[in-house]
Amino acid sequence: MSVIAAIDVGTNSFHLVVASIDADGHFEVLTREREPVRLGSGGEDMKRLELDAMDRGVSTLDRMRRIADHAGATSVTAVATSAVREADNRGEFVARALSEAGVDIEVVSGVEEARLIHLGVLAAVPLLDKRHLIIDIGGGSTEFIVGDGAEPLLLRSLKLGSIRLTDRFFPEGRTRERSVHECRNYIRSFLGHLPAEVAELGFETAVGSSGTIIALARMCAIRRGDRDNRTGRLSFTRKELRSLTTDLTDAATPARRLSVEGLEERRADIIVGGALLLAETFKLLGIKRMEVSDYALREGILFEQMRRAAAPELDPFHRLEDLRRSGVMYVANSYHEDLRHAEHITDLALELFDGLCGLHGLDEEDRELFEAASLLHNVGIFISHSAHHRHSYYIIRNSEHLTGFTEREIEIIAQVARYHRKSAPKSKHADFASLNSADQDRVRWMAAMLRVAIGLDRSNRQVVTRVRVAGGLQSSNHDGELRLFARVSPGVDTSVEMFTAQNRSELLAAITGRTVVIESEVAETGRATHPTNGTHHAEPARAVSEPVAGRR
């Protein structure tokens, strides 16, 4: 039996769930906590987290971490959504959360947020045998998921939420007839093509999750006389929602709105924005009735932890978890003209990773990121061969298909692709400078190994079949050398590959502080040939971080 915890760092509220997990994957919720923090604010983009909001957030995280510790949790996974991912100063908040509260926050993309919500809802509502639509209204964003069984067919995250709409149209929670009308029009416009996308896929059942929808469902239940309601049994119709929304908007102030039975005071100022958003969504998507899930993002985080721990990949050279791999391969297939070339480079790169593990100290999670970066490093050629490494960064960073990765992980993947050629990572590069020192080391190491692997298939003939570190790491320190052996096909000229790999080993030499020597060995005899000219030596005067040995 193990105990794990998850924290949903939301725009409006933070949610904690702690659960015990047995060996068969069954879990029992031990405790739940919710705290209204109001971390984010703003009617449009939430560009900045205010100091007092960060103070409240860090204090809440510290309290929740202590609760998790007291319950015996061996791990606490915190995921931040809209307010944090949009903030220019999110790095400050993430750093404070770690240093002051001992909570390491993962910032996820909107698509990844939607995927985790889907995972959580599937655990609470029997949907595996039907096509379904899930809507989750938060303070800063709303997620829309269409799924068929366990497979998400559509994942959308829109910058529409109860706080965002309130700040834009209903300052201090006050409503006017004109502002209600403007809000409705804005929602219709913002939903754009979503109704057509949902209609094309279709759905049998609609399910809502998270605080706003649960609050609206409870008020609807009370109005029809069901006072002894529990979240798992809640549902409401379009007619009930329309009537409730009218009463909420007619009450011009939060104080007057409290006359609507079942409305909690802490939601009185922002409930109108959420109600209008859901009511318009009902109309545009053709929803007649909605069930309610009491599981959402935080439970999805728990199940993701359980799923990753229970089903590791067995292939020694391709360790990406299935969901991540499917997203990476979708992007690779969309942009690669020659995927076979990228896959061969990836195999060589992973062999270097494994052979150098005693030097770089990176772990299996880093290996997954390196595999993804290796597969995707060349996707920028789809846009233009010139400066395609920069285009690769843009495509990876802005893709909506890399599900299963956090924002930080996607940034690392994108930066490794960015530095697979041309300039080495430099502190004057703003994107690289934004990484913490440990992640900068990761990017340097991965880019260095990838450059050599790319050189070993320079002619795109796959004539270098394997690459190994000489004798394991122990003998690689001989005379300050790092010796790599490239196994080559017999009778084939590999001078281009050997020269290019040696020429591109400069970054590896700099980061290891060793002379890199690359030799070829014929597959049939294992006989080593002489190293190519142009062996790269370490440059002691160059400012390069020390290897991060021991991070494992």
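Residues numbered from 1 in each chain as written. Predicted model: local features only at pLDDT ≥ 70, side-chain atom pairs only at ≥ 80, totals over all residues. Heavy atoms only, no water.

1. Section: unusual backbone geometry
Step number 1: Its identity as a non-glycine residue notwithstanding, R38 has a phi of 55°, on the positive side.
Step number 2: Mapped onto the fold, R38 is located in the loop between strand 3 (27-36) and helix 1 (51-70).
Step number 3: Non-glycine residue Q462 carries a positive phi angle of around 55°.
Step number 4: Mapped onto the secondary structure, Q462 falls in the loop between helix 20 (437-455) and strand 12 (464-469). (Helix = DSSP H or I, 4+ residues; strand = E, 2+ residues; numbered from the N terminus.)

2. With respect to the pattern of salt bridges
Step number 1: Within this structure, the stated rule accounts for 41 salt bridges.
Step number 2: In this structure, R96 and E100 form a salt bridge, with 2.8 Å as the shortest nitrogen-oxygen distance. Here R96 and its partner E100 are both found in helix 3 (residues 90-101), four residues apart, which amounts to about one turn of the helix.
Step number 3: For R174, the salt bridge identified is with E172, shortest N-O distance 3.9 Å.
Step number 4: A residue is classified by how much of its surface remains accessible, and R174, at 48% relative accessible area, is partly exposed.
Step number 5: Note on E172: relative accessible area 67%, which makes it exposed.
Step number 6: One continuous salt-bridge network, built from bridges that share partners, spans D62, R65, R66 and D69. (Salt bridge = Lys/Arg side-chain N within 4 Å of Asp/Glu carboxyl O. Buried < 20%, exposed > 50% of the residue type's maximum accessible area, 1.4 Å probe, protein only.)

3. Let's talk about the sheet that holds strand 2 (residues 13-21)
Step number 1: Spatially, the five strands line up as an open sheet ordered 3-2-1-4-5, and their pairing is mixed. Unpaired on one side and paired on the other, strand 3 and strand 5 (105-107) mark the two borders of the sheet. Pairwise comparison of adjacent strand axes, ignoring direction, gives a mean angle of 20° for this sheet.
Step number 2: Summarising the sheet, strand 4 (residues 75-80) and strand 5 pair through three bridges and their orientation is parallel. Considered in strand 5, the bridge of V79 is made with E106.
Step number 3: The strands touched by helix 3 are strand 1 (2-9), strand 2 and strand 5; relative to strand 5, the strand with the most contacts, the crossing angle is about 155°. (Pairing = 2+ DSSP bridges. Axes fitted to C-alpha atoms, helices over the stretch in contact; angles between N-to-C directions. Contact = heavy atoms within 4.5 Å.)

4. A few points about the sheet that holds strand 6 (residues 131-137)
Step number 1: The strand order across the open sheet built from six strands is 8-7-6-9-11-10, with neighbouring strands paired in mixed fashion. The open sheet has two edge strands, strand 8 (151-158) and strand 10 (235-237), and neither has a second partner. For this sheet, the mean inter-axis angle between neighbouring strands, taken without regard to orientation, is 25°.
Step number 2: With five bridges connecting them, strand 6 and strand 9 (residues 205-209) associate as parallel partners.

5. Some thoughts on helix 6 (residues 177-191)
Step number 1: Compared with an ideal rise of 1.5 Å per residue, which puts 15 residues at 21 Å, helix 6 spans 22 Å between its outermost C-alpha atoms and is within 8% of the ideal.
Step number 2: Directly after helix 6, the chain includes G192, whose backbone phi takes a positive value near 50°. (Expected span 1.5 Å × (residues − 1).)

6. Re the confidence of the model for the chain
Step number 1: In this model, the chain carries a mean pLDDT of 86, and residues with pLDDT of at least 70 account for 88%.
Step number 2: Contacts from residues 311-320, a stretch scored under 50 in pLDDT, to residues over four places away or in other chains number 27 contacts.
Step number 3: Under a pLDDT of 50 for its full length, residues 537-552 has, in the predicted model, 43 contacts with residues more than four places off or in other chains. (pLDDT = per-residue confidence, 0-100.)

7. Describing the pairing of strand 6
Look at any regular strand and the pattern is simple: side chains alternate between the two faces of the sheet.
Step number 1: Within strand 6, six of the seven residues are buried, leaving the element largely enclosed by the surrounding structure.
Step number 2: Relative to strand 7 (residues 142-148), strand 6 is paired through seven bridges, and the arrangement is antiparallel. Pairing of R131 across the sheet is with D148, part of strand 7.
Step number 3: Linking two consecutive strands that pair antiparallel, namely strand 6 and strand 7, is a turn of four residues.

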